[in-house]
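Listed below are the residues making up each chain.
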Amino acid sequence: MKTTSTNNRNKTRSELGFLLPALVVVFVMSIFPLISSLLLSMTKSSFSTGGGLQLEFVGFQNYSNLLSDARFWGTLGNTLLFVFIGVALQFGLGLGIAMLLTQKLFGQTFFRVLFLIPMMITPVAVAYIMKMVLNFQIGPLAPIAKALGFADLPWFADANLSRLLVIVGDTWQWTPFVIIVLLAGLEALPNEPYEAAQVEGATPWQMFTQITFPLLLPVSTGVVLIRLVEAFKIVDMPIVLTGGGPGIATETTSLFAYYTWRTFDQSKTAAIAYLLVVVVTIIGTLYNNIIRKRALEVAG
Amino acid sequence: MKRKRPVWQTALMYIALYGWAIIVALPLYWTLVTSIKSRSNVFNGPLYLPFIQFQPVMDAWNRFFITDWRYFSSQYFNSIIIALGSSILAVIIGSLASYGLTRFKYIWGGKLRNRELSFYFISQRILPPVAVVIPLFILFQTVKLFDTQIGLIIAYTAFNLPLVVWLMQDYFASIPVELEESAYIDGCSKLEAFLRITLPLSAPGLVATFLFVLVFAWNEYIIALFLSQSNAQTMPILIAAQNAQRGPEWEAISVLTLVTILPVCVIAVFLERFISRGLLVGAVKG
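(A) Representation of the overall build of chain B in the model. Each helix and strand in chain B was counted, giving 14 helices and zero strands. The globule rule puts the C-alpha radius of gyration for 286 residues at 19 Å, and the 24 Å found for chain B is more than 25% above it. Across the 286 residues that make up chain B, the buried fraction comes to 55%. Contacts in chain B between residues far apart in sequence, at least 24 positions, make up 73% of those at least 6 positions apart. Accessible surface for chain B amounts to roughly 13100 Å². Of this, 67% is attributable to carbon and sulfur atoms. Averaged over its 21 positive side-chain charges, chain B has a centre that lies 9 Å from the centre of its 14 negative ones.

As structure tokens, then:
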């Protein structure tokens, strides 16, 4: 009896050993900062004359200030705009291109690697590349822009054009991720349903809507979920592309938090970040429990 | 193909495919030609073809690799050391945890089980970095890790851990348990069985996962912005800083961009192979 319990204890100990390093990392680098951030967000912080950080508990004051701050709502609106339009574009383009890559067209082996490259580039570099390419004075598209009469497009002065610029950059960068995942998903689909459909004389469009799309749903809704939560963090693209301007037209919530941090208001920064966490969690959970669950049921 | 596709459809497909190829390739090509332009040629309107439309010069490249190499090399090596160090650590710690979660049953206080634990690990990835980075900034300053390579290695390890746990779970689950069980009979401990049997068998998955997190660490910007200053500065920080420091010196920015992209382009070739073999798909479905 005694030996069994020692064995069990040893067994548990060695099994726990596998998990322990990760638990330590998560505790120190995530749980501790999250709790501290929460506490920090309920204080008023200031630097004393000696340079030390002084905190005074103020409850939910930072939050109520933010919730009545037009800048906070503006940046949240921008973030949601970039997330929903960006991810929708990336999914639409990604699905189309992934379908094309299954058609055995000439050059596709090369394209598979080429199409992957934008997602491998650091977003700050993508921002510069976009600035160069979309510069209609000296960029590669200048002759076309001149011919069509929009060489003087005020990319950085017009709110909506700046937003478009961020969306174009983000879509250029992340469509490849959707392509590559959906392509692998498409290639893993079973052959039988297609053979049966061919016998019944289904058109390619019918095959797409009746077979491919439903069977691909687990992969497509998964890839959208990943892009959705990743897109909420968007900050590096606008920081270089537009600096958040004009005004706050392209300032995302993460960027707002960063700018606030630079004014040494640690407490307000923490509160902004926490509100963003709440929004991401709500939207991620809603998406997962309503859309994704239903899609998985359809796919069986 | 039983049914013959009409010519116009094939033509449309080619137009769409090659159209996207141009959208992807043109910006990359433009960065390359800009990097070999002289300052005045950069602003001389759109010049596409070296030797034909303009005389290529290596000014910007020379500046990076020769004149200012002492300055740039520190950022470049920072990036290499931090990306490699954090990815190796993340793969070691993450695959241990991932293996534990696929093979053993953990129960914590009767409620937290494997499903919840692994969901918890993976959901870390949802957190926007700004939500955790301020306490880390204060913590790192207290323990003297602020603006150090080790500090950023630790931060990136944590930031990449969820990806490793997530990608490797599917891989470990596909390896038959019987192999490990026979190793136990031969007297192997759990760790030995994992290291000698499971790990070699999952080598392709490990390599692909490693490359994946390597790219993420290499490209990371916002955490480095908070947790480093001049000493541990990485390439993305250096690139982003070009905005304020120099105005649009496009040829210099292009060189910085290219030296940062080239290593990961090599990785892209390998990753494509792994991903088309199904890494990711299993994980994305789950």
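(B) Just the side chain of A:T75, in detail. All names here are of chain A. Tracing the sequence through the fold places T75 in helix α3 (residues 70-101). Residue classification places T75 among the buried positions, given a relative accessible area of 0%. If sequence neighbours within four positions are ignored, T75 has contacts with E251, T252, T253 and F256.

(C) The interface of chain B and chain A, seen in detail. At the junction of the two partners, chain B supplies 94 residues and chain A supplies 96 residues. Of the roughly 8300 Å² buried between chain B and chain A, counting both surfaces, carbon and sulfur atoms make up 79%. Summed over the shared surface of chain B and chain A, the number is two salt bridges. Connecting chain B to chain A are 15 residue pairs in polar contact (both at pLDDT 80 or more). Among the elements that take part in the side of chain B that touches chain A, helix α1 (residues 7-35) of chain B stands out by supplying 16 residues, more than any other.

(D) Fine view of the domain arrangement of chain B. Residue and element names in this part refer to chain B. Taken domain by domain, chain B consists of domain 1 (1-67) and domain 2 (69-285). Taking the mean C-alpha position of each, domain 1 and domain 2 sit 32 Å from one another. On the domain 2 side, the residues contacting the 15 residues of domain 1 number 16 residues. Summed over both sides, the interface between domain 1 and domain 2 buries roughly 1500 Å², with carbon and sulfur atoms accounting for 74% of that surface. At the boundary of domain 1 and domain 2, one finds four salt bridges. Its salt-bridge partner being E251, residue R39 comes within 3.1 Å of it at the nearest N-O pair. Looking at the side of domain 1 that touches domain 2, the elements with two or more residues in it are α1, α2 (39-42) and α3 (59-67). Sort the elements by how many residues they give to the side of domain 1 that touches domain 2 and α3 lands first, with seven residues. The class makeup of the residues in the side of domain 1 that touches domain 2 is eight nonpolar, four polar and three charged.

(E) Here's a closer look at the side chain of B:E272. Looking at the element boundaries, B:E272 is found in helix α13 (residues 250-276). One buried charged residue, B:E272, forms no salt bridge at all, with the nearest opposite charge on A:R112 at 4.0 Å. Setting aside chain neighbours within four positions, we find B:E272 in contact with A:R112, A:V113, A:L116 and A:I180.

The rules we used
Residues numbered from 1 in each chain as written. Chains lettered and ligands numbered in written order. Predicted model: local features only at pLDDT ≥ 70, side-chain atom pairs only at ≥ 80, totals over all residues. Heavy atoms only, no water. Helix = DSSP H or I, 4+ residues; strand = E, 2+ residues; numbered from the N terminus. Rg over C-alpha atoms; globule rule 2.2 N^0.38 Å. Buried < 20%, exposed > 50% of the residue type's maximum accessible area, 1.4 Å probe, protein only. Contact = heavy atoms within 4.5 Å. Areas by Shrake-Rupley, 256 points an atom, 1.4 Å probe, with all protein chains shown as cover. Lys, Arg positive; Asp, Glu negative; His and termini not counted. Charge placed at Lys NZ, Arg CZ, Asp CG, Glu CD. Buried area = accessible area lost by both parts, 1.4 Å probe. Salt bridge = Lys/Arg side-chain N within 4 Å of Asp/Glu carboxyl O. Polar contact = N/O pair within 3.5 Å; in protein donor to acceptor, adjacent residues only side chain to side chain. Domains from an automatic or database assignment. Nonpolar A, V, L, I, M, F, W, Y, C, P; charged D, E, K, R; others polar.

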